[in-house]
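# Coordinate inspection notes
Chain by chain, the residues:
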Amino acid sequence: MNAELTAIYLRPALQRSGIGRRMLQKIARVCQAQGATGLLAWVIAGNQPARQFYQQLGAAQLVEQPFSWDGMDLMEVGYGWRDLTALATLPAAPPGLH
């Protein structure tokens, strides 16, 4: 079974602090506890910082598709992990994060 994450949003002042990484690890652990083995996370295609975030945490780009939100036509990208254990047990955030 796979789990799906619609989005993670952090205030700009909190980005690059390690909070997003810890949130994603917690999500992976909770999903594992409920029987999931993989995770698919969605991000707006034009959001390069978010795309890099998922890529740096080992996600692979699996799909890109159009969607509509609040009357806007957008593209979204699905990043996935086939093994939640790898995501749930990532090492601490690297030095250099505030």
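Refer to the structure above for everything that follows.
Now for a look at the structure at hand. A quick note: this is a predicted structure, and the numbers were derived from the prediction, not measured.

## Brief notes about the sheet that holds strand 1 (residues 2-5)
Overall, mixed pairing links the 4 strands, which are arranged 1-2-4-3 in an open sheet. One side of each edge strand has no neighbouring strand; the edge strands of this open sheet are strand 1 and strand 3 (60-69). Neighbouring strand axes in the sheet, compared pairwise and without regard to direction, differ in orientation by 25° on average. Judged from the 6 bridges that link them, strand 2 (residues 38-44) and strand 4 (residues 72-81) form a sheet pairing that is antiparallel. Looking at the pairing, Ile44 lines up with Glu76 of strand 4. This element, helix 2 (residues 48-56), spans strand 1, strand 2, strand 3 and strand 4 of the sheet and lies at about 160° to strand 2.

## Considerations on the packing of aromatic side chains
Applying the stated criterion to the full structure yields 3 aromatic pairs. For the pair Tyr54 and Tyr79, a centre-to-centre distance of 6.1 Å together with 25° between the ring planes defines the contact as stacked. You can see Tyr54 sitting in helix 2 and its partner Tyr79 sitting in strand 4, a full 25 residues away along the chain. Exposure remark for Tyr79: the relative accessible area of 1% places this residue in the buried category. Residues Tyr54 and Trp81 carry aromatic rings whose centres are separated by 5.9 Å and whose planes lie at 70° to one another, so their mutual orientation is edge-to-face. Note that Tyr54 is positioned in helix 2 and Trp81 in strand 4, a separation of 27 residues in sequence. Trp81 matches Tyr54 in its accessibility class, with the two residues each being buried. By the ring-pair criterion, three or more aromatic residues cluster together here, those being Phe53, Tyr54, Tyr79 and Trp81.

## Some remarks on the layout of surface pockets
Taken as a whole, the largest pocket holds about 950 Å³ of empty space. Residue lining of the largest pocket: 32 residues in total, with Ile8, Pro49, Ala50, Phe53 and Tyr54 positioned closest to the centre. For the lining of the largest pocket, the secondary structure elements donating two or more residues are helix 1 (19-33), strand 2, helix 2, strand 3 and strand 4. At 6 residues, helix 2 tops the list of elements feeding residues into the lining of the largest pocket. Here the lining of the largest pocket is built from residues that sort into 20 nonpolar, 8 polar and 4 charged.

## Points about the environment of Phe53
By the secondary structure assignment, Phe53 is in helix 2. As for Phe53 and Gly38, which are separated by 15 residues in sequence, their C-alpha atoms are 18 Å apart. The contact partners of Phe53, leaving out residues within four places of it in the chain, are Gly20, Arg21 and Leu24.

## Here's the deal with the nonpolar core
Counting residues in hydrophobic clusters, the biggest one holds 21 residues, and the most contacted among them are Leu5, Leu24, Leu39, Tyr54, Trp81, Leu84 and Leu87. Elements supplying a minimum of two residues to this core: strand 1, helix 1, strand 2, helix 2, strand 4 and helix 3 (84-88). Among residues more than four places away in sequence, those in contact with Leu87 are Leu24, Gln25, Ala28, Leu39, Leu57 and Trp81.

Conventions and cut-offs
Residue positions are given per chain, counting from 1 as you read along its sequence in written order. Thresholds applied to this predicted model are a pLDDT of at least 70 for local features of residues and 80 or more for the giving and counting of side-chain atom pairs; totals over whole chains, interfaces and linings are not thresholded and use all residues. Side-chain numbers here rest on the full set of heavy atoms in the structure, without hydrogens or water. Pairing between strands is defined by DSSP: at least two bridges between them are needed. Working definition: helices are DSSP H or I runs of at least four residues, strands are E runs of at least two. Numbering for both runs from the N terminus. Lines fitted to C-alpha atoms define the axes, with helix axes restricted to the stretch in contact, and inter-axis angles between N-to-C directions lie between 0 and 180 degrees. Contacts are residue-level and defined by heavy atoms, with any inter-residue pair within 4.5 Å sufficient. Here a pair means two rings of Phe, Tyr or Trp (six-membered ring of Trp) with centres within 6.5 Å. Their orientation is stacked below 30 degrees between planes, edge-to-face above 60, and tilted elsewhere. Burial classes: relative accessible area under 20% of the type maximum marks a residue as buried, over 50% as exposed, and values in between as partly exposed (1.4 Å probe, protein chains only). A 1.4 Å probe that fits into a set of points on a 1 Å grid over the protein atoms alone but cannot get out defines a cavity; an open set with protein on both sides within 12 Å along at least five of seven lines defines a pocket, and lining residues are those with an atom within 4 Å of a point. Grid points are joined across faces, edges and corners, and a volume is the space filled by probe spheres set on the points. Residues were grouped as follows: Ala, Val, Leu, Ile, Met, Phe, Trp, Tyr, Cys and Pro as nonpolar; Asp, Glu, Lys and Arg as charged; and all remaining residues, including Gly, as polar. What makes a nonpolar core is a set of buried Ala, Val, Leu, Ile, Met, Phe, Trp, Tyr and Cys residues whose side-chain atoms join them at distances within 4.5 Å.

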